[in-house]
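Commentary on secondary and tertiary structure
Here is what each chain is made of, one letter per residue.
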Amino acid sequence: MKWLDEAGIKRAGYGPNLSIARQPVFQELPQGRVAMVAAFPIGPVASGPIATNKQGNDVGERPGMNPLRLTLWNTVTAEQLEQLKGIRDSILARRTEPDVARPSDVPTDRPGRLQLLGKNYVVGPKPGEFRYEMNAGDLQAQLLAVRNAKEYADFVIFTMHVHENRYAFQAYSQDHYPPDYLVQLTHQLIDNGADMYVGHGNHTMQGIEIYKGRPIFYNHGNFAVQRFGSD
């Protein structure tokens, strides 16, 4: 941040605390003022330093990224979910053995959903697909950032670095279509004032959608790749 600031390069989506990381950056052009808001999905694929705010007895402010936290659910059939439930219950049945000092709690199941050994499973029409749930607070913060940016800018861009695939059997970050949450998110962003979405991170190109007259570039693919090592 120090060197970018000294060079006059504006940065979106990152800052010394969460409030600044969620603020738009502005660029004055002859055609008008352009704002950019940036966020970073945080889930099973990507992680990184998340900016925080000092609240109450918290440890204090921490620099980092503007997060959009995700929960991943693996789809299975209804029959497979019952099989997984049987496996989990047989494991948890041992929780009352005398040498167990502090037994794990028995999870409360939601209809059509199950948690097993740190993984989430949900009933779907086809096994092996991924479904993502956005953190409600993070989602609300992104929409509010766009609405605020639109109050001061003629054109608002939202951008994210995304690596999530739609399938468990898909090679890492090689999907040709966007994951489910990204379609939901981009539509809501435009509904709240965004004029364009620009995605990057995935190693293949993804589709372009025109939603309510505004472009959504789900992913531009690789412009350049830097590889380390002898391979």
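The coordinates are above.
Residues numbered from 1 in each chain as written. Predicted model: local features only at pLDDT ≥ 70, side-chain atom pairs only at ≥ 80, totals over all residues. Heavy atoms only, no water.

Glancing now at helix H5 (residues 180–191). Its 12 residues place the ends of H5 17 Å apart at the C-alpha level, agreeing with the 16 Å of an ideal helix rising 1.5 Å per residue. Restricting attention to buried positions, one finds in H5 the residues Tyr 181, Leu 182, Leu 185, Thr 186, His 187, Leu 189 and Ile 190. With its phi angle positive at about 120°, Gly 193 sits one or two positions after the end of H5. (Helix = DSSP H or I, 4+ residues; strand = E, 2+ residues; numbered from the N terminus. Expected span 1.5 Å × (residues − 1). Buried < 20%, exposed > 50% of the residue type's maximum accessible area, 1.4 Å probe, protein only.)

Below, the discussion takes up the pattern of salt bridges. Applying the stated rule across the entire model yields 14 salt bridges. Of the charged contacts in the structure, one is a salt bridge between Glu 28 and Arg 33, with a shortest N-O distance of 2.6 Å. Lys 85 serves as the salt-bridge partner of Asp 89, at 3.0 Å between the closest nitrogen and oxygen. Taken together, the positions of Asp 89 and Lys 85, both in helix H3 (residues 78–92) and 4 residues apart, correspond to about one turn of that helix. Overlapping salt bridges, with partners in common, bring together Lys 85, Arg 88, Asp 89 and Asp 109 in one network. (Salt bridge = Lys/Arg side-chain N within 4 Å of Asp/Glu carboxyl O.)

Moving on to a nonpolar patch on the surface. A surface patch of nonpolar side chains, about 300 Å² in accessible area, is lined by Ile 87, Ile 91 and Leu 117. Along the chain, Leu 117 falls in the loop between strand E6 (113–116) and strand E7 (119–123). (Patch = residues over 30% accessible without salt bridge, like charges linked within 9 Å, V, L, I, M, F, W, Y side chains within 5 Å. Areas by Shrake-Rupley, 256 points an atom, 1.4 Å probe, with all protein chains shown as cover.)

Okay, the nonpolar core next. The biggest cluster of nonpolar side chains holds 29 residues, and the ones touching the most others in it are Phe 158, Met 160, Tyr 181, Leu 182, Leu 185, Leu 189 and Tyr 197. Among residues more than four places away in sequence, those in contact with Leu 189 are Gln 142, Leu 143, Val 146, Phe 158, Ala 194 and Tyr 197. Core analysis: the next-biggest nonpolar cluster, separate from the first, contains 6 residues, Val 76, Leu 114, Leu 116 and Tyr 121 among them. (Core = buried A, V, L, I, M, F, W, Y, C linked by side-chain atoms within 4.5 Å. Contact = heavy atoms within 4.5 Å.)

With that settled, the discussion passes to the pairing of E7. The pairing of strand E5 (residues 67–76) with E7 spans 3 bridges and is parallel. Paired with Asn 74 across the strands is Tyr 121, a residue of E7. The sheet contact formed by E6 and E7 spans 4 bridges and is antiparallel. Looking at the pairing, Gln 115 lines up with Asn 120 of E7. Joining the antiparallel neighbours E6 and E7 is a turn of 2 residues, in which Leu 117 adopts a positive phi near 50°. (Pairing = 2+ DSSP bridges.)

By convention here, two paired aromatic rings are described through the distance between centres and the angle between planes. Per the counting criterion, the structure on display carries 4 aromatic pairs. Both rings, one in Phe 158 and one in Tyr 197, keep their centres 6.4 Å apart while their planes meet at 20°; by these two values the pair is stacked. Highlighted residues: Phe 158 in strand E9 (residues 155–161) and Tyr 197 in strand E10 (residues 196–200), separated in sequence by 39 residues. The two residues Phe 158 and Tyr 197 agree in class, both being buried. Relative to Phe 169, the ring of Tyr 167 has its centre 5.0 Å away and its plane inclined at 10°; by these criteria the two rings are stacked. (Phe/Tyr/Trp six-rings, centres within 6.5 Å; stacked < 30°, edge-to-face > 60°.)

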